[in-house]
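For reference, the chains in residue letters:
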Amino acid sequence: QVQLVESGGGLVQAGGSLRLSCAASGRTFSSSSMGWFRQAPGKEREFVAAISRSGITTYYADSLKGRFTISRDNAKNAVYLQMNSLKPEDTAVYYCALDLYAPGPTVVAGAYDYWGQGTQVTVSS
């Protein structure tokens, strides 16, 4: 069983930055691809970013390229999402997810096997 715990969310002004962290339990982290998704009130969950188990390959939602950066530290069983130049429309609950034993990242939420509980990010204008 894998547990994912996100942290680092909060309230920030537009133009500011936040770094989200996701800590994973278990021994499967370094063998699995990871992703970040978000869900705003009244909207469907959407893909944000994903990273391969090696950390070499990354995918981003087109609208977020250049502002968000995903990274991972397999020694710490952690994945990160650096968010810069935040906008009010980035306000959402952010979730990390693990795609068990997948070598490469995917943008498809249904492919992920485990999800964290989410962390709230609120960007004020």
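Thresholds applied
Residues numbered from 1 in each chain as written. Predicted model: local features only at pLDDT ≥ 70, side-chain atom pairs only at ≥ 80, totals over all residues. Heavy atoms only, no water. Salt bridge = Lys/Arg side-chain N within 4 Å of Asp/Glu carboxyl O. Buried < 20%, exposed > 50% of the residue type's maximum accessible area, 1.4 Å probe, protein only. Helix = DSSP H or I, 4+ residues; strand = E, 2+ residues; numbered from the N terminus. Pairing = 2+ DSSP bridges. Axes fitted to C-alpha atoms, helices over the stretch in contact; angles between N-to-C directions. Core = buried A, V, L, I, M, F, W, Y, C linked by side-chain atoms within 4.5 Å. Contact = heavy atoms within 4.5 Å.

Peer 1: When you look at the pattern of salt bridges in this model, what are you seeing that I'm missing?
Peer 2: Working definition: two side chains of opposite charge can pair if their charged atoms are close together. Per the counting criterion, the structure on display carries four salt bridges. Here Lys65 and Asp62 are joined by a salt bridge, their closest N and O atoms 3.3 Å apart. Like Asp62, Lys65 is exposed. Of the charged contacts in the structure, one is a salt bridge between Asp90 and Arg67, with a shortest N-O distance of 2.8 Å. Separated by 23 residues along the polypeptide, Asp90 in the loop between strand S8 (78–83) and strand S9 (92–99) and Arg67 in the loop between strand S6 (58–60) and strand S7 (68–73) bring together distant segments of the chain. Each member of the pair, Asp90 as well as Arg67, is classed as buried. When salt bridges that share partners are traced, they join Arg38, Glu46, Arg67 and Asp90 into one network.

Peer 1: Sorry, what's going on with the sheet that holds strand S3 (residues 18–24) here?
Peer 2: The strands making up a sheet are joined through hydrogen bonds of the backbone, oriented either antiparallel or parallel. An order of S1-S3-S8-S7 is seen for the four strands of this open sheet, with the pairing classed as antiparallel. Unpaired on one side and paired on the other, strand S1 (4–7) and S7 mark the two borders of the sheet. Across the sheet, the mean angle separating the axes of adjacent strands is 15° when strand polarity is ignored. Sheet topology note: the S1/S3 ladder contains four bridges and is antiparallel. Bridge pairing in S3 links Leu4 to Ala24.

Peer 1: I keep staring at the pairing of strand S11 (residues 119–124) and nothing clicks. Help me out?
Peer 2: A regular strand places its side chains so that they alternate between the two faces of the sheet. Here S11 shows one buried face, formed by Thr119, Val121 and Val123, and one open face, formed by Gln120, Thr122 and Ser124. By the bridge criterion, four bridges tie strand S2 (residues 10–13) to S11 in an arrangement that is parallel. If you follow Val12 over to S11, its bridge partner there is Val123. Of the pairings in the sheet, the one linking S9 to S11 comprises three bridges and is antiparallel in character. Counted as the bridge partner of Tyr94 is Thr119 from S11.

Peer 1: Could you clarify how one ought to interpret the nonpolar core in this entry?
Peer 2: Across soluble globular proteins, you tend to see nonpolar side chains buried next to one another. Judged by nonpolar contacts, the single largest core of 34 residues is most densely connected at Trp36, Leu81, Met83 and Tyr94. Every element with two or more residues in this core is listed here: S3, strand S4 (33–39), strand S5 (46–51), S7, S8, S9 and S11.

Peer 1: Just to check I follow, could you spell out the environment of Gly35 for this structure?
Peer 2: On the secondary structure map, Gly35 appears in strand S4. On a C-alpha basis, the gap between Gly35 and Tyr59 in space is 9.0 Å, while along the polypeptide they are 24 residues apart. Aside from chain neighbours lying at most four places away, what touches Gly35 is Ala49, Ala50, Tyr95, Cys96, Ala97 and Tyr112.

None of this, on its own, says anything about what the molecule does.
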